[in-house]
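# Reading the structure
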Amino acid sequence: MNRIVICLLTTAAVSVTMLATGCHTGHNPDQWNLVWEEDFESSEIDTSVWSKIPRGTAPWNKYMSPDDTCYAVSGGNLILRGLHGNAAQANDTASYITGGLYTKGKKAFSNGRLEIRAKLQGAKGAWPAIWLLPDPCHGETGSENCRWPYGGEIDIMERLNHDTIAYQTVHSYYTLYLKQDTVPPHFATGTINPGEYNVYAVEMYPDSLKFFINDNHTFTYPRIETELEGQFPYDRPYYLLIDMQLGGDWVGEIDPSEIPVEMLVDRVSFYTKP
């Protein structure tokens, strides 16, 4: 499919007619201050920042496991693995097990640039992801904004199988339930270098989200003027999820012969404007 690239032409809310295609904006490090970085140089996961993602019933988390074989910190990398299940593992008869970490309840991000440098092994049925969900309601307990997708979802990177592209997407009540996924367009793809480290980034502003792969601007999702509900819920803190996922309707069936598979994360960096 054709990649759609959008640039926001003003810092105020804009109408769809003010959007233009074909723009390119690279990352200028002189415009940002590094305020936090995780470089995984320790030999252990920093539990003051990261927690293991628990298993759930959704396609993305149905194989999540706390088993230590799914996790490692080595050579300056966080390593998250997708493995064959082992019935001998205590209380776990899943066919596969996967590792994933999140910063939920420990560290949140907003109004800045979040950048992740990672290398992804390919496998049929592999679905590694780097994404953001609303920080647990930050005082909105009981609010509808606490439920997905009302608070929004920001997908900084999703890669399928052995693809040479990665997907960058936003989801919300507006895009999913109201089916407003083209006004404005809510995703794009960008080329990656398979087998090498790539840098995935999102810049979070009160009026837009800007996405990058290897400093190539893939698209911008702007706040627009609309009478419809929930178009831009992204002006709020979000926590980060990094996970090695396997299987599901989108990625397709898993090829057991291509498992195990790994995702290596070299660093996570967060910048704000001076």
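Being a predicted model, the structure only gives us computed values, none of them experimental.

What follows is about the overall build of the chain. A tally of regular secondary structure across the chain gives 1 helix and 18 strands. Evaluated residue by residue, the chain yields a buried proportion of 52% over its 274 residues. Per element, the accessible surface of the chain, about 12,200 Å² overall, is 48% carbon and sulfur.

Another aspect to go through is the side chain of Ser 269. Inspection of the secondary structure puts Ser 269 in strand E18 (residues 261-272). Among the polar contacts made by the side chain of Ser 269, one reaches the side chain of Glu 37 at a distance of 2.5 Å. Among the polar contacts listed, one links the side chain of Ser 269 to the side chain of Arg 267, at a separation of 2.8 Å. Residues contacting Ser 269, with those up to four places away along its chain left out, are Leu 34, Trp 36, Glu 37, Arg 113, Leu 114 and Glu 115.

Burial runs high along strand E9 (residues 113-120): 6 of the 8 residues are buried. Judged from the 8 bridges that link them, E9 and E18 form a sheet pairing that is antiparallel. Residue pairing for E18: Ile 116 is matched across the bridge by Val 268. Bridge analysis of E9 against strand E14 (residues 197-205) gives 7 bridges, and the strand direction is antiparallel. If you follow Arg 113 over to E14, its bridge partner there is Glu 203.

A few words now on the nonpolar core. With 55 residues, the main nonpolar core has Leu 114, Ile 130, Ile 154, Ile 156, Leu 240 and Val 268 as its most contacted residues. Sequence-distant contacts of Ile 154, defined by excluding residues within four places in its chain, comprise Trp 131, Leu 132, Thr 169, Val 202, Met 204, Leu 209, Phe 211, Tyr 234 and Tyr 238. Formed by 13 residues, the second largest nonpolar core is a distinct cluster that contains Ile 53, Trp 60, Leu 160 and Leu 241.

Turning to the sheet that holds strand E11 (residues 153-158), a few remarks are in order. Taking strand neighbours across the sheet as the criterion, the 7 strands line up as E4-E8-E17-E10-E11-E12-E13 in an open arrangement whose pairing is antiparallel. Unpaired on one side and paired on the other, strand E4 (51-52) and strand E13 (187-191) mark the two borders of the sheet.

Should the pLDDT be low somewhere, the predicted coordinates at that spot are not to be read in detail. In the predicted model, the chain carries a mean pLDDT of 88, and the fraction of residues at 70 or more is 84%. Note on residues 1-25: pLDDT under 50 across the span, and 57 contacts to partners over four residues away in sequence or across chains.

Scanning all chains against the criterion turns up 17 aromatic pairs. Centre to centre, the rings of Tyr 221 and Tyr 234 are 6.0 Å apart; their planes meet at 90°, and the pair counts as edge-to-face. Linking Tyr 221 in strand E16 (residues 216-222) with Tyr 234 in the loop between E16 and strand E17 (238-246), this pair joins segments that are 13 residues apart in sequence. Linked through ring pairs, Tyr 221, Phe 232, Tyr 234 and Tyr 238 together constitute an aromatic cluster. Lys 52 extends its terminal NZ or CZ atom over the ring of Tyr 71, reaching a point 4.5 Å from the ring centre. Sitting above the plane of the Phe 212 ring, Arg 113 keeps its charged end 4.9 Å from the centroid.

Look at any regular strand and the pattern is simple: side chains alternate between the two faces of the sheet. For E17, the buried fraction is high: 9 of the 9 residues fall into the buried class. Across the two faces of E17 the burial is the same, with Tyr 238, Leu 240, Ile 242, Met 244 and Leu 246 and Tyr 239, Leu 241, Asp 243 and Gln 245 all buried. Relative to E17, strand E8 (residues 100-102) runs antiparallel, the two being bridged by 3 bridges. Paired with Tyr 102 across the bridge in E17 is Leu 241.

Here we take up the environment of Gly 75. Among the structural elements, Gly 75 can be located in the loop between strand E5 (71-74) and strand E6 (77-84). Given the relative accessible area of 73%, Gly 75 is considered exposed. The sequence separation of Gly 75 and Asp 266 amounts to 191 residues, and the corresponding C-alpha distance is 8.9 Å.

Moving on, we come to unusual backbone geometry. That bond from Val 183 to Pro 184 is cis: its omega, 0°, falls within 30 degrees of zero. Here Pro 184 lies in the loop between helix H1 (173-176) and E13. Positive phi is not limited to glycine here, since Phe 40 has a value of about 55°. With respect to the element layout, Phe 40 can be found in the loop between strand E3 (33-38) and E4. Among the residues examined, Phe 40 registers a relative accessible area of 5% and is labelled buried. Positive phi values are uncommon outside glycine, yet Asn 111 reaches one of about 50°. Relative to the assigned elements, Asn 111 resides in the loop between E8 and E9. What makes Asn 111 partly exposed here is its relative accessible area of 42%.

What counts and what doesn't
Think of each chain on its own: its residues are numbered from 1, step by step along the sequence as written. Totals for whole chains, interfaces and linings use all residues, but because this is a predicted model, local features are given only for residues with pLDDT of at least 70 and pairs of side-chain atoms are given and counted only at 80 or more. As a rule here, side-chain values come from all non-hydrogen atoms in the structure, and water together with hydrogens is ignored. Each helix is a run of DSSP H or I of at least 4 residues and each strand a run of E of at least 2, with the numbering of both proceeding from the N terminus. Only protein chains enter the area calculation, which uses a 1.4 Å probe; residues under 20% of their type maximum are buried, those over 50% are exposed, and those in between are partly exposed. The Shrake-Rupley method, run with a 1.4 Å probe, gives the accessible areas here. Residue values count only the displayed protein chains as cover. Pairs of N or O atoms within 3.5 Å make up the polar contacts considered here, provided that, within protein, one atom can donate a hydrogen while the other can accept it, and that residues adjacent in sequence are counted only when both atoms are side-chain atoms. Any pair of residues with heavy atoms lying within 4.5 Å of one another is described as a contacting pair. By the convention used here, strands pair only if DSSP detects at least 2 bridges between them. Only buried residues count toward a nonpolar core. Its members are Ala, Val, Leu, Ile, Met, Phe, Trp, Tyr and Cys residues joined through side-chain atoms within 4.5 Å. Looking at any residue, its pLDDT shows the predictor's confidence there, from 0 to 100. Each pair of aromatic rings taken from Phe, Tyr and Trp, with Trp reduced to its six-membered ring, is defined by centres within 6.5 Å and is described as stacked if the planes are under 30 degrees apart, edge-to-face if over 60, and tilted in the remaining cases. Put simply, a charge is over a ring when the Lys NZ or the Arg CZ is close to the ring centre, within 6 Å, and near the line of the ring normal, within 35 degrees.

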